[in-house]
Amino acid sequence: MVISRFFRKSAPAPVTPPPALPDGVRVYAIGDIHGRSDCLDELLDAIDRDSDGIGAQVRLIFLGDLIDRGPDSRGVVERALQLAASDRHCDFIKGNHEELLLHAAAGDRHALTVFHRAGGRETMLSYGADPDDYDACDFEQLAALIQRLVPAEHLAFLDSFGSGVSLGDYRFVHAGMRPGATFEEQKEADLRWIRREFLSHDGSFDGVVVHGHTISDAPEFRHNRIGIDTGAFATGRLTALVLEGRDQRTLESSAPAASH
């Protein structure tokens with residue numbers, strides 16, 4: 001008797017190729033900056049050195065949360081405006097903190113409450129608010145302070161940010177994506193705020209999701225997502241994910257951690 005006749009040979013598991021970008025494109029996806037203009041300047045210098053002389057199109061994708069928590073939100077927005085006005089290919093994705101500032105400026109009481117708790121004070125000080133005046137504000141006064149000190153050009157620029165970018169096998173968003181829905185079906189609230197349902201999902205999404213929003217000690221590479229929020233406002237480490245073809249790597253700033 002040939003025992004092997006009684007056992008079926010299992011088919012080899014299919015090999016899923018790594019995600020890819022279209023040919024001729026190199027992406028630098030930049031995580032949550034949160035008012036650290038020093039980290040942004042250092043990282044942009046590193047990107048310039050890294051991309052010098054390459055033949056591919058260089059595309060910068062900012063994953064949102066340029067503002068709040070760190071000391072120089074105004075400087076970050078001004079640098080982003082310069083980039084947007086240059087000949088560089090830049091995509092800016094709206095994070096939950098940009099959304100909060102815009103709603104707070106419009107007088108939304110809930111947004112004003114969360115904005116204050118989530119680093120809005122630092123943002124307003126970067127725009128020239130007096131600390132004592134800020135601390136004495138009620139909600140109506142805070143909305144008026146935002147309208148008075150944050151240039152309309154800055155608010156309009158932040159409001160122009162998109163919800164996400166789809167490129168090749170990747171989906172670039174701020175917070176994540178809701179399982180079971182395609183990129184086109186996602187709600188803006190989920191793209192900017194989702195956390196638990198996204199992070200705990202082990203199945204596939206509509207592409208590999210590149211996101212910020214949730215801080216980790218180091219970039220998180222999963223089969224279905226890549227998280228690159230390394231807490232720059234506190235750690236001084238601002239991460240850029242570098243993608244070209246099927247290659248994945250990172251660049252990181254090394255500015256000083258925030259002093260307490």
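Here the structure is shown first, and the text comes after it.
Residues numbered from 1 in each chain as written. Predicted model: local features only at pLDDT ≥ 70, side-chain atom pairs only at ≥ 80, totals over all residues. Heavy atoms only, no water.

With respect to the packing of helix H4 (residues 109–126) against helix H6 (residues 139–149)
Taken N-terminus to C-terminus, the directions of H4 and H6 make an angle of 50 degrees; their axes are 11 Å apart at the nearest point. Classified by the interaxial angle, the pair formed by H4 and H6 is oblique. Between H4 and H6 lies a crossing whose hand is left-handed. Side by side, H4 and H6 meet where Arg 109, Leu 112, Thr 113, Phe 115 and Met 124 of the first sit next to Phe 139, Leu 142, Ala 143, Leu 145, Ile 146 and Leu 149 of the second. Its residues assigned to classes, the contact of H4 with H6 shows 9 nonpolar, 1 polar and 1 charged. (Axes fitted to C-alpha atoms, helices over the stretch in contact; angles between N-to-C directions. Helix = DSSP H or I, 4+ residues; strand = E, 2+ residues; numbered from the N terminus. Parallel < 35°, antiparallel > 145°, perpendicular 65-115°, else oblique. Left-handed = near helix turned anticlockwise from the far one by under 90°. Contact = heavy atoms within 4.5 Å. Nonpolar A, V, L, I, M, F, W, Y, C, P; charged D, E, K, R; others polar.)

Comments concerning H6
Within H6 the residues assigned to the buried category are Leu 142, Ala 143, Leu 145, Ile 146 and Leu 149. Take H6 and look down its axis: the buried residues cluster within an arc of 160 degrees, on one side only. Exposed residues on H6 whose side chains face more than 90 degrees from its buried face are Glu 140, Gln 147 and Arg 148. For H6, the secondary structure elements touched by its buried residues are helix H2 (73–85), helix H3 (96–105), H4 and helix H5 (131–135). Sitting at the head of H6, Asp 138 places a side-chain oxygen 3.3 Å from the backbone nitrogen of Glu 140. (Buried < 20%, exposed > 50% of the residue type's maximum accessible area, 1.4 Å probe, protein only. Arc of directions from axis to C-beta. Polar contact = N/O pair within 3.5 Å; in protein donor to acceptor, adjacent residues only side chain to side chain.)

Observations concerning the environment of Gly 35
Examined against the element boundaries, Gly 35 turns out to sit in the loop between strand S1 (25–30) and helix H1 (37–51). In this structure Gly 35 comes out as buried when scored by relative accessible area, which is 0%. Expressed as a C-alpha distance, the spacing of Gly 35 and Asp 229, which sit 194 residues apart in the sequence, is 14 Å. If sequence neighbours within four positions are ignored, Gly 35 has contacts with Leu 66, Ile 67, Asp 68, Gly 70, Pro 71, Asp 72, Ser 73 and Val 76.

Comments concerning the nonpolar core
Judged by nonpolar contacts, the single largest core of 45 residues is most densely connected at Ile 30, Ile 47, Met 124 and Ile 146. Apart from the residues within four sequence positions on either side, Ile 47 is in contact with Tyr 28, Ile 30, Leu 60, Arg 88, Ala 240 and Leu 251. With 17 residues, the next largest nonpolar core counts Leu 21, Ile 61, Leu 167 and Leu 241 among its residues. (Core = buried A, V, L, I, M, F, W, Y, C linked by side-chain atoms within 4.5 Å.)

A few points about helix H7 (residues 152–159)
Buried residues of H7: His 154, Leu 155, Phe 157 and Leu 158, and no others. Axial view of H7: buried residues confined to an arc of 160 degrees, hence all on one face. Seen from the buried face of H7, the exposed residues on the opposite side, beyond 90 degrees, are Ala 152 and Glu 153. Of the surrounding elements, those touching the buried residues of H7 are H2, strand S3 (89–92) and H3.

Details of the layout of surface pockets
Volume-wise, the largest pocket comes out at about 290 Å³. Taken together, 15 residues line the largest pocket, and the ones lying closest to its centre are Thr 16, Pro 19, Val 208, His 223 and Asn 224. Residue composition of the lining of the largest pocket, grouped by class: 7 nonpolar, 6 polar and 2 charged. Its volume calculated, the second largest pocket comes out at about 180 Å³. In terms of lining, the second largest pocket is formed by 14 residues, of which the most central are Arg 69, Asn 96, His 97, Arg 195 and His 213. Mapped by element, the contributors of at least two residues to the lining of the second largest pocket are H3, H4 and strand S6 (208–215). With 3 residues, H3 is the single largest residue contributor to the lining of the second largest pocket. (1 Å grid on protein atoms, 1.4 Å probe; cavity = no way out; pocket = protein on both sides within 12 Å on 5 of 7 lines; lining within 4 Å. Points joined across faces, edges and corners; volume = space filled by probe spheres on them.)

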